[in-house]
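Coordinate analysis (summary)
Below are the chains, spelled out letter by letter.
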Amino acid sequence: MSSTRHNSNPLSFFCGLLAIFWWNGVAFNVDAVEFYTEKPSFLPSCRIYEPGFTKCSTNSIQKLIDQLHVGIPEIVEKYGTWDPMHVRDIVFKQDNVEVATIRANLTDVVVKGFSQTKIKESRVSKKDFHWQTKIFLPKMRLDAKYKMQGRILLIPLSGEGNIFIEIENLDILMYTKTRLYEKGGFTFDNVTAVQVKLNMSRVRTQLDNLFNGRSKEVERSTNQFFNDNWRDFYEALRPLIVDTVENILKDIMSAVFHLIPANFFVEDIPTPQQLYGTTT
Ligand SMILES: *[C@@H]1O[C@H](CO)[C@@H](O)[C@H](O)[C@H]1NC(C)=O
Ligand SMILES: *[C@@H]1O[C@H](CO)[C@@H](O)[C@H](O)[C@H]1NC(C)=O
Ligand SMILES: *[C@@H]1O[C@H](CO)[C@@H](O)[C@H](O)[C@H]1NC(C)=O
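Residues numbered from 1 in each chain as written. Chains lettered and ligands numbered in written order. Predicted model: local features only at pLDDT ≥ 70, side-chain atom pairs only at ≥ 80, totals over all residues. Heavy atoms only, no water.

**Quick word on the site of ligand 1**
Taken together, R103, N105 and K147 are the residues near ligand 1. In this structure, an oxygen atom belonging to ligand 1 sits 2.3 Å away from a side-chain N or O atom of N105. Burial of ligand 1 by the protein chains amounts to 43% of its free accessible area of 360 Å². (Near = heavy atom within 4 Å. Polar contact = N/O pair within 3.5 Å; in protein donor to acceptor, adjacent residues only side chain to side chain. Areas by Shrake-Rupley, 256 points an atom, 1.4 Å probe, with all protein chains shown as cover.)

**Here we look at the site of ligand 3**
Neighbouring ligand 3 are the residues Y181, N190 and T192. Starting from 370 Å² of accessible surface for ligand 3 in isolation, the protein chains cover 35%.

**Overview of the nonpolar core**
Core analysis: the largest hydrophobic core is formed by 82 residues, its most contacted members being L64, I152, I172, V196, L198 and I260. No other element matches the 17 residues that helix α6 (residues 230-259) contributes to this core. (Core = buried A, V, L, I, M, F, W, Y, C linked by side-chain atoms within 4.5 Å. Buried < 20%, exposed > 50% of the residue type's maximum accessible area, 1.4 Å probe, protein only. Helix = DSSP H or I, 4+ residues; strand = E, 2+ residues; numbered from the N terminus.)

**Notes on the side chain of E74**
Assignment of secondary structure puts E74 in helix α4 (residues 73-79). For the buried E74, which has no salt bridge, the nearest side chain bearing the opposite charge is K78, at an N-O separation of 10 Å. At 3.0 Å, the side chain of E74 and the backbone nitrogen of V33 are in polar contact. Within the structure, E74 has its side chain in polar contact with the side chain of Y36 (distance 3.2 Å). (Lys, Arg positive; Asp, Glu negative; His and termini not counted. Salt bridge = Lys/Arg side-chain N within 4 Å of Asp/Glu carboxyl O.)

**What about unusual backbone geometry?**
Excluding glycine, most residues fall at negative phi; most peptide bonds, likewise, are trans. Here the residue pair D83 and P84 is connected by a cis peptide bond, since its omega of 5° sits within 30 degrees of zero. Among the structural elements, P84 can be located in the loop between α4 and β1 (85-87). Phi at D108 is positive, roughly 50°, even though this residue is not glycine. On the secondary structure map, D108 appears in strand β3 (residues 100-112). A residue is classified by how much of its surface remains accessible, and D108, at 52% relative accessible area, is exposed. Although it is not a glycine, F211 sits at a positive phi angle of roughly 55°. For F211, the position within the fold is in the loop between β8 (202-207) and α5 (216-228).

**Concerning the pairing of strand β2 (residues 90-94)**
Within a regular beta strand, the side chains point alternately toward one face of the sheet and then the other, so they alternate between its two faces. Here β2 shows a clear split, with I90, F92 and Q94 buried on one side and none of V91 and K93 buried on the other. Here β2 runs beside β3; their pairing, made up of 5 bridges, is antiparallel. Among the inter-strand pairings, F92 is bridged to a residue of β3, identified as A104. (Pairing = 2+ DSSP bridges.)

**Regarding α5**
With 13 residues, α5 should cover 18 Å at 1.5 Å per step; its first-to-last C-alpha distance of 18 Å lies within 8% of that length. All of the buried residues in α5 are E219, T222, N223, F226 and N227. Seen end-on, α5 carries its buried residues on one side only, within an arc spanning 135°. Against β5 (131-152), β6 (155-183), β8 and α6 lie the buried residues of α5. (Expected span 1.5 Å × (residues − 1). Arc of directions from axis to C-beta. Contact = heavy atoms within 4.5 Å.)

**A few points about the pattern of salt bridges**
Under the defined criterion, the tally for this structure stands at 13 salt bridges. Put simply, R123 and E121 hold a salt bridge, and the shortest N to O gap is 2.9 Å. You can call E121 buried: its relative accessible area is 19%. R141 is the salt-bridge partner of E166, the closest N and O atoms lying 3.1 Å from each other. Of the two residues, E166 is situated in strand β6 and R141 in strand β5; the sequence distance between them amounts to 25 residues. Looking at E166, the relative accessible area reads 11%, which means it is buried. Note on R141: relative accessible area 24%, which makes it partly exposed. One connected set of salt bridges, linked through shared partners, spans R141, D143, E166, E168 and R204.

**Quick notes on the confidence of the model for the protein**
Of the residues in the protein, 87% reach a pLDDT of 70 or more, and the chain-wide mean stands at 87. Mean pLDDT across the elements of the protein ranges from a minimum in helix α1 (residues 2-8), with 41, to a maximum in strand β4 (residues 118-124), with 98. pLDDT under 50 marks residues 1-30. Its contacts with residues more than four places away, or in other chains, come to 4 contacts. (pLDDT = per-residue confidence, 0-100.)

**Some remarks on the state of the cysteines**
This structure, assessed with the given rule, holds 1 disulfide. Each disulfide pairs two cysteine sulfurs, and for C46 the partner residue is C56, the sulfurs being separated by 2.1 Å. A torsion of -85° about the S-S bond marks the disulfide between C46 and C56 as left-handed. In this pair, C46 sits in the loop between α2 (10-31) and α3 (53-70) while C56 sits in helix α3, placing the two residues 10 residues apart along the sequence. (Disulfide = S-S within 2.5 Å.)

Written out as structure tokens, the structure reads:
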């Protein structure tokens, strides 16, 4: 009977819709927490002062990555899905370097491949609790819209259009600095710096509409040249690629480690007071 009334009265139907949206909004806010106070069941925790820590930690970080792919609500709310991942715009400027002098802007950046992330090793320093992580990705692909001016490998370039960069067998060595801090009686990691070193077996790329579409033939042969000489092409664009990877990893890790206490990864982690002393 009440459903008949809903259907026959546009205003109450509209109010019903509003109520649904409001309800979803509230439900979402209740779900999302500022930080976890209970250890999530997907996460095995480890003890750094006991033998076998690195093996345990490697497995624990792999479980975290797998869960990022499943979707951690607080992270999805902020960054969207893990794979494909939408990345903020990249503004890139590299001057006075012989191999490449370019200004490039990438927008609508989507990166695919993180669901296949393998953690090969996760080490944590007992001294200052920085991390050293070995990561492997069988394939990473970046799609974006680009706008570019400059030259790469002596080839003058200007154009705008679609770009993709595909990297195969990507080894990432990640060095992460952290500062411990206290929140709600837990110890948390503040990720303060991320540095990566990359190795790969191949880089493939395609820049559409190079030279603003003036010559399809030159565009084709230029892309061919970049792919035939991919190591030089990668070296020329290394700062851009390394920056991009570092920014993605720093954003995600910051969000994760402000959300999940370090105690849930390393049960016997010291408090900031114990590590740094009470005066700092
Ligand atoms: C890239 O964006 C910046 C700021 O948004 C702008 O100043 C610059 O001219 C752009 N570069 C290109 C090559 O379009
Ligand atoms: C890259 O390869 C070099 C030489 O084989 C090696 O020394 C280095 O550790 C590798 N780095 C990564 C990130 O795998
Ligand atoms: C984390 O470190 C940054 C500096 O790198 C600082 O600005 C920020 O306040 C720190 N956050 C917390 C919660 O300690």
